[in-house]
Amino acid sequence: MTTNLAIPGWRWMAGVVCGYLLLLVVCPVGAIVRQAFSGGVGGFFHALASPIGAGALLLSCWTAAVAAVINAVMGTCTAYLIARKHLPGRRVVSALIDLPLAVPTTVGGLMLVLAYSPATRIGGWLAAHHVNLVYSRTGIVLAMAFVTFPFAVRTVEPLVDSLDVSLEEAALTLGASRLRVFWQVLWPTLWPGVVTGLSLCFSRGLAEFGAVVLASGNLPLRTEVAPVYLYGLLENNETSGAAAVSVTLLALSVLGLVVPLCRPRQWWKRLTEPRGRRVHNNEQVGEASV
Amino acid sequence: MTIQVTNLVKRFASGTAALQDVSFSVREGEMIGLLGPSGSGKTTLLRMIAGLDRQTAGEIRIRGQVVDNLPAQRRGVGFVFQNYALFQHMTVFSNIAFGLRVKRLGKREIQDRVMRLLRLVRLEGYEDRYPHQLSGGQAQRVALARALAPEPSVLLLDEPFAAVDTKIRKELRRWVRQIHDEIGITSIFVTHDQEEALEIADRVLVMHQGRVEQFATPQEVWERPLSPFVAGFLGDVNEGAATVRDRQVQLWGHAFPATEFAEGERVRVFVRPSDIDLGPTAPDAVLAQVREAVWAGERTQVRVQLADQSTLQVSLPSDRSVDLTPGQSVSVCIRKFQIFTES
Amino acid sequence: MKLRMALSAGVYVWFLVLIFIPAVTMVEGALSHGLSGFFAQVLRPEALSALRLSFLITALTLLINLPLGVITALLIARRSFPGWQVVNAVVDLPFALSPVIAGLALLLVYGPNTLLGAFLQNHGVKVMFALPGMVLTTLLVTFPLVVRELVPLLRQLGIRQEEAAWTLGASAWRTFWLVTLPRIRFGLGYSAVLTIARALGEFGAVLVVSGNLVGVTQTATLYVYQATENNDLQAADAVSTVLAMVSFVILILMQVFKGRGEGRIS
């Protein structure tokens, strides 16, 4: 793989790419970190400690987590049903899954508002039954879920594809219950994809701005998520505070993205192996006593 | 000398040596078979001659010119890859024309040359097909035509027949030899199949663990292997170990003369199944009992057990008149053998 | 069977609530005042200039990020130069960057109050609150899309065909044009479409660096936001529908490229 012929003038190009990344990514992100700590570590935490800011960060975290979990469950089901060809109309569904990737997030937010704001038919009916799908925390979760849904499906889909149907069928013919088949046959294979999807959804949900800003209502302490709060700070020229919130948010997002890189498959093995061994021992004991 | 390789060494970044001090030279128009088990360094050697990998030390000359600092583009070497590496997005015609277009030849000339090559590889009428529409054998022939198109001075083939069905394989390799004779190009092909190497190569270079074990004609490699590895690698073989006593080695009831070995030295004896004769029992003959006889068409594979409980594998022409029912006593006569020191 | 139907029903309901109803409502809303009403909204000069600006930014982004993305992907997939793992990680960083943070980050380096920004401004280049800044921001958020699509593809394709081209005398450059590029064309198409979608749809980052001057630095998504804030839902709806129609084309292209090139999302 390492022939000098692989890329024309690769040294020169590596220089260009590194320079580009330096100007575009490294310097700006570095500037944020520097700005966040311009008042020392104390200043950094002081900026975070404002009740509105802390509330916004907390709200962002749990709404993104809820959206990610819902999407992981629904996404896994969708991926499974599409790959197993069980879902009627799966062609259309499969294409529509990518819709949130294709539409601008603002448009996505607007779609939700137009469909579910109390002024509309559906929204009005729901509001009469005390369900507010927009301008509420539910709205935040819904907007995040809308934007991140493709990730939840697409990370699991290839794994379902790789799974042999006959494995499931064999387990069923051996008399295993549906739940058992899921837990012992499907889950060990799908697990890494679900975790990757979960973490991507969480990171992107945390970062989402366009859809949330339209669908949430942005009431400080009630429905104002961190990126929106951040934008408010910027409008008021509070750059240092904004940088502090940014660094925190960025750190959380990076954390979310890094988790699946830590080989969840191996973690899973480490988690399950001792249990497997114990079961084995029990069996032996059982045999000995007989 | 078309190709001259001197003291070639290749070490990977991990420190493992793929080639250790390899030297040999190939004459103009020869067809060389690079034979060895997988991991013996034969593909690495081929790729270095082509300029696709760089050696750690040593020198490669093609037609007298040192090519060590020449990139693959300027070595004038044709390369046929193991899985053909045909350009999937191009037609058969464009694949073969690729090297000519790169040379910026005229349209007419390219057309003529490609058509001539298509005739040579017997694929007329296939020029508009795409690689995925070809069978393995056809793809192989396109790959060969593509490599030959720029008229290279050397043709290198990496496991050229590995991905083809066994039946077409024999046909294909004879045909490749035929083409080689027709255009008289110096060729080196890599294979792990000894039958392939022995059948079509002018000379066989046997490699093992990055070293050259023997470089000789197929007949010589077969009849006079230079090392235990070569003796064991080429075809089935009966192998035994013993100690030299009184300038002799006692094994399988036979006394093998071992004059060139020191007294008390441990040696290994190699005997091919086809170099053993079985006959009717006779006084002062070495006797054995037939344990098993498997008829396999032209030849019958027989396993016999000697008085000392050791067994020998024997391969006889099936029309032999000896009774080979299991339990039958026969006499054993070893016609040819090889002795090597233990190390 | 029962379980499967329950699962399917669950998926459908989620789908209906999340994607289908909103999409239909929007199209319905845009056309509620008839086609003429729709066109009247879209043809307003502010709306038109916003759309034009969005497409201009998208085109510039594509022009810069596509070639650079290909080069980066080639470097990551096929060369191990010292420190390439750092490059690899840096490429992914924009994924974790909230758009607002991306905007702020660029503002801190290229804004008028910074060393570099002031220097550029003195030489007549206004970066922030102008077109260059908006393009820069869009470049930042879309950069990983091409690289992340192409790296696995290049690794999977291997390098045999390129080697074959070299032994046939083709230079590295020609090999790239004649062999590598055609082989990755569907993956490249897919990532280009993703880039277009993201660039057209970028909002938060652009909002921060644009200044949002009507008719000058207002992109289509900013226009939609502004109109929604001003409760001019009809205007928002009309421009959104235009964007959504573009998205529809994008969606179809995505399916085409994915079907043919086995594309995957990052």
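The rules behind these values
- Residues numbered from 1 in each chain as written.
- Chains lettered and ligands numbered in written order.
- Predicted model: local features only at pLDDT ≥ 70, side-chain atom pairs only at ≥ 80, totals over all residues.
- Heavy atoms only, no water.
- Pairing = 2+ DSSP bridges.
- Helix = DSSP H or I, 4+ residues; strand = E, 2+ residues; numbered from the N terminus.
- Contact = heavy atoms within 4.5 Å.
- Axes fitted to C-alpha atoms, helices over the stretch in contact; angles between N-to-C directions.
- Domains from an automatic or database assignment.
- Buried area = accessible area lost by both parts, 1.4 Å probe.
- Salt bridge = Lys/Arg side-chain N within 4 Å of Asp/Glu carboxyl O.
- Polar contact = N/O pair within 3.5 Å; in protein donor to acceptor, adjacent residues only side chain to side chain.

Residues and elements named next belong to chain B. Taken in spatial order, the 4 strands line up as β2-β1-β4-β5 in an open sheet, and their pairing is antiparallel. Pairing within the sheet leaves two strands with one partner each, and these edge strands are β2 (17-26) and β5 (65-66). Note that strand β4 (residues 57-62) and β5 share 2 bridges and pair antiparallel. The residue bridging Arg61 from the neighbouring strand is Val66, located in β5. Sheet strands touched by helix α1 (residues 42-50): β1 (3-11), β2 and β4. Its angle to β2, the strand with the most contacts, is close to 60°.

Next up on the list: the environment of Glu124 of chain B. Residues and elements named next belong to chain B. Tracing the backbone shows Glu124 in the loop between α3 (107-120) and α4 (136-148). It is 22 Å that separates the C-alpha atoms of Glu124 and Phe161, two residues lying 37 residues apart in sequence. Those residues in contact with Glu124 that sit more than four places away from it in its chain are Leu118 and Arg119.

Residues and elements named next belong to chain B. Partitioning chain B into domains gives domain 1 (3-233) and domain 2 (238-341). Distance between the C-alpha centres of domain 1 and domain 2: 39 Å. Taken together, the 9 residues of domain 1 in the interface contact 7 residues of domain 2. Both sides of the domain 1 and domain 2 interface together cover about 680 Å² of buried area, and 58% of this is carbon and sulfur. The three residues of domain 1 that bury the most area against domain 2 are Trp222, Pro228 and Ala231, which together make up 62% of that side's buried surface. Across the domain 1-domain 2 interface, the total number found is 0 salt bridges. At the boundary of domain 1 with domain 2, the tally comes to 2 residue pairs in polar contact (both at pLDDT 80 or more). Elements that contribute at least two residues to the side of domain 1 that touches domain 2 include exactly α7 (218-223) and α8 (228-233).

Further remarks concern the sheet that holds strand β17 (residues 299-306) of chain B. All names here are of chain B. What the 5 strands build is an open sheet, ordered β15-β19-β16-β17-β18; its pairing is antiparallel. In the strand order of this sheet, the two ends are held by β15 (276-279) and β18 (311-317), each with one partner. Between one strand axis and the next, the sheet turns through 45° on average, direction left out of account. In terms of strand pairing, strand β16 (residues 286-296) meets β17 through 8 bridges, oriented antiparallel. Note on β17: the bridge partner recorded for Glu292 is Arg303.

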